[in-house]
Each structure stands twice: as C-alpha cells, then as structure tokens.
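Each chain, written out:
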Amino acid sequence: MEPSLEHEVADGIATVVIRNPTKRNAMTPGMWRALPPLLTRLAADPAVRALVLTGEGDTFCAGADIGSLSATYEKSTGLALPAEEALAAFPKPTLAAVRGYCVGGGCQLAAACDLRFAEEGARFGITPAKLGIVYAPSSTRRLVELVRPATAKFLLFSGELIGAERALRTGLVDEVLPAGGLDKRVAEFTRSLVSRSQLTQAAVKEFAAGPVEPDRAAYWREQTRHSEEAGEGIAAFLERRTPRFRWTPPVG
C-alpha cells in the first residue's frame, strides 16, 4: 500500500488519515507536500465545520520518513513546516486523535491542531536533538505555549518519549481515553462542535492566535451585530431547544 493522506467528509467533519502502515505512518515528502493543498480544499468546503487528524491503525504518526528525506537540512525541514503552518491556520476547529506513537513531525502536526485527544498508551516525543536539527522558531513557540518552557525544553533537549498521562498533566493533550474509547469520544465531541456557532469558533481561533488588530476586533463586532447568532442562541436557550446557527465564514 502506497503512503498517502486519505480523507472523507461526513456530518460536517472532515477526517484526514495519515497512512503509511509499514513505517508507523511516517510522513513521506509526498505526504508533507500534499497536506497544505488538501487543507486548503477542505477549508473552502462549506460542508466542513471541523477537522479530525488521525493515523491509520494503532499509530498516529512516527514523524518524517527519515529514509526518504534529503540529508540537507533546508530540504528536510522545508517539507514539514509548511504542512504544520497550514494546519495551524485552518480556519475551523481541528482535533488530533492520537493512538500509539506521536513523534517528531507527527507531534508537530498534533501540536498544530487546536485540541488533542489521546488513547491510553500513546507516546509523545519531539526528536530534533537526535538528528542535529534545529526546531523551527514557530514550532518551538507553539510547543512552549502548550506545555510551558520547562517541559518544552525537556522534550526538545532530550528527545525522550513521554506517556499519555504525563502529556495530559503538562498540557500537551487535552483528554486521555481508555483503550477502545477514543473513537467514541471523538465522535461525540465533534458532534458537539458542529452544533455550535461557527461565528464564535472562528473569532476564538483568530483571537487565540495572537495580538488582534483594532480593525479585526471591529470586524468581529460587526459580524456579531449583523449575524443574529446571539439572538438565536438566547431564543433557543429560553425555548429549551437546539439552536440553529446560520453564520458561515465568508468565502475567499
């Protein structure tokens, strides 16, 4: 079976599956290159309201397929970073569903998602120090924001793997599920996501990404004022019914 990124869209959720089972779902150069345009297409699809990234079988992603990468630093790191940044910039909620190994570039991808749910037994590690590679500034900053400087330094200095419980304790993951419970929880949680206001979610993603310019803050105030989302949400609460939120992100 050729390494690939498989995807499907169902019930508002785009699921992207990393598939390279003979190498623990390691990312080949072709897979790194394929991810940004795939994410662009899914972001533009009005049927997509959230995205789940996972790996085939019992492994999330063991990182880059080192055997297929160039020994040249620029070529090697130049593949993963655009994919990671495209995932971080995805305009709708993203969730990494992690089983087994989530290492190196795989951990980069998981960290670029908004949320991470892991199954018991998952193992996390970021390994540039084992290869003599300098982790990108944006990737380092993203990791520090998730786990605080001390844990980021532990992971990056040592390249050691940590278990799911430590990942939860340090903030690298948001939930740890018992064996066999990950799929059910992800399905339950994403059903909840697609029922919520896309206006709220889109604004939160932008605000959480960093400093917000006054014109962008004004933009979101206008969107709130004209969208009728708040009126629908309050009415649904008072009437004890599910809200029917209708705001969708502008195209283009």
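Note that the structure is predicted; figures quoted are calculated from it, not measured.

A. Structural context of the overall build of the chain. Looking only at helices and strands, the chain has ten helices and nine strands in total. Relative to its length of 252 residues, the chain is compact, with a C-alpha radius of gyration of 19 Å against a globular reference of 18 Å. For the chain, the spread of C-alpha atoms along the principal axes amounts to about 55 × 40 × 35 Å. Considering only residue pairs separated by 6 or more positions, the chain has 70% of its internal contacts joining residues 24 or more positions apart. Between the averaged position of the 30 positive side-chain charges in the chain and that of its 29 negative side-chain charges there is a distance of 2 Å.

B. Molecular detail of the packing of aromatic side chains. Per the counting criterion, the structure on display carries three aromatic pairs. With centroids separated by 6.0 Å and ring planes inclined at 55°, the aromatic side chains of Trp220 and Trp247 adopt a geometry described as tilted. Of this pair, Trp220 sits in helix 9 (residues 214-227) while Trp247 sits in the segment after helix 10 (229-239); the two residues are 27 residues apart in sequence, bridging distant segments of the chain. The class for Trp247 is buried, based on a relative accessible area of 9%. Grouped by ring-pair contacts, the aromatic residues Tyr219, Trp220 and Trp247 constitute a single cluster. Residue placement shows Arg166 over the ring face of Phe154; its charged tip is 4.3 Å from the ring centre. The ring of Tyr219 is capped by Arg216, whose NZ or CZ atom sits 4.4 Å from the centre of that ring.

C. View of helix 7 (residues 182-195). Helix length check: helix 7 (14 residues) gives 20 Å between terminal C-alpha atoms against 20 Å at 1.5 Å per residue, within 8%. Residues of helix 7 that are buried: Leu182, Val186, Phe189, Thr190, Leu193 and Val194. The buried side chains of helix 7 occupy one side of the element, clustering within an arc of 135° when seen end-on. In helix 7, the exposed positions angled more than 90 degrees off the buried face are occupied by Lys184 and Arg191. Close packing links the buried residues of helix 7 with strand 2 (13-19), strand 3 (50-55), strand 4 (94-98), strand 6 (115-119), strand 9 (175-177) and helix 8 (198-208).

D. Layout of a nonpolar patch on the surface. A contiguous nonpolar surface patch, about 390 Å² in accessible area, is contributed by Ile234, Phe237 and Leu238. Of the residues examined, Phe237 reaches a relative accessible area of 67% and is grouped as exposed.

E. The arrangement of the pattern of salt bridges in detail. A full pass over the atoms with the stated rule returns 15 salt bridges. Taking the shortest distance from any N to any O, the salt bridge between Glu85 and Arg142 comes out at 3.2 Å. With Glu85 in helix 2 (residues 73-88) and Arg142 in helix 5 (residues 137-158), this pair connects stretches of sequence that are 57 residues apart. Taking relative accessible area as the criterion, Arg142 reaches 17% and is therefore assigned buried. For Glu206, the salt bridge goes to Arg216, with nearest N and O atoms at 2.7 Å. Residue Glu206 is found in helix 8, and its partner Arg216 is found in helix 9; the two are separated by ten residues along the sequence. By relative accessible area, Glu206 is classed as partly exposed at 25%. Residue classification places Arg216 among the partly exposed residues on the basis of a relative accessible area of 29%. Taken together, the salt bridges that share partners define one network made up of Glu6, Arg19 and Glu56.

About the criteria used
- Residues numbered from 1 in each chain as written.
- Predicted model: local features only at pLDDT ≥ 70, side-chain atom pairs only at ≥ 80, totals over all residues.
- Heavy atoms only, no water.
- Helix = DSSP H or I, 4+ residues; strand = E, 2+ residues; numbered from the N terminus.
- Rg over C-alpha atoms; globule rule 2.2 N^0.38 Å.
- Contact = heavy atoms within 4.5 Å.
- Lys, Arg positive; Asp, Glu negative; His and termini not counted.
- Charge placed at Lys NZ, Arg CZ, Asp CG, Glu CD.
- Phe/Tyr/Trp six-rings, centres within 6.5 Å; stacked < 30°, edge-to-face > 60°.
- Buried < 20%, exposed > 50% of the residue type's maximum accessible area, 1.4 Å probe, protein only.
- Lys NZ or Arg CZ within 6 Å of the ring centre and 35° of its normal.
- Expected span 1.5 Å × (residues − 1).
- Arc of directions from axis to C-beta.
- Patch = residues over 30% accessible without salt bridge, like charges linked within 9 Å, V, L, I, M, F, W, Y side chains within 5 Å.
- Areas by Shrake-Rupley, 256 points an atom, 1.4 Å probe, with all protein chains shown as cover.
- Salt bridge = Lys/Arg side-chain N within 4 Å of Asp/Glu carboxyl O.

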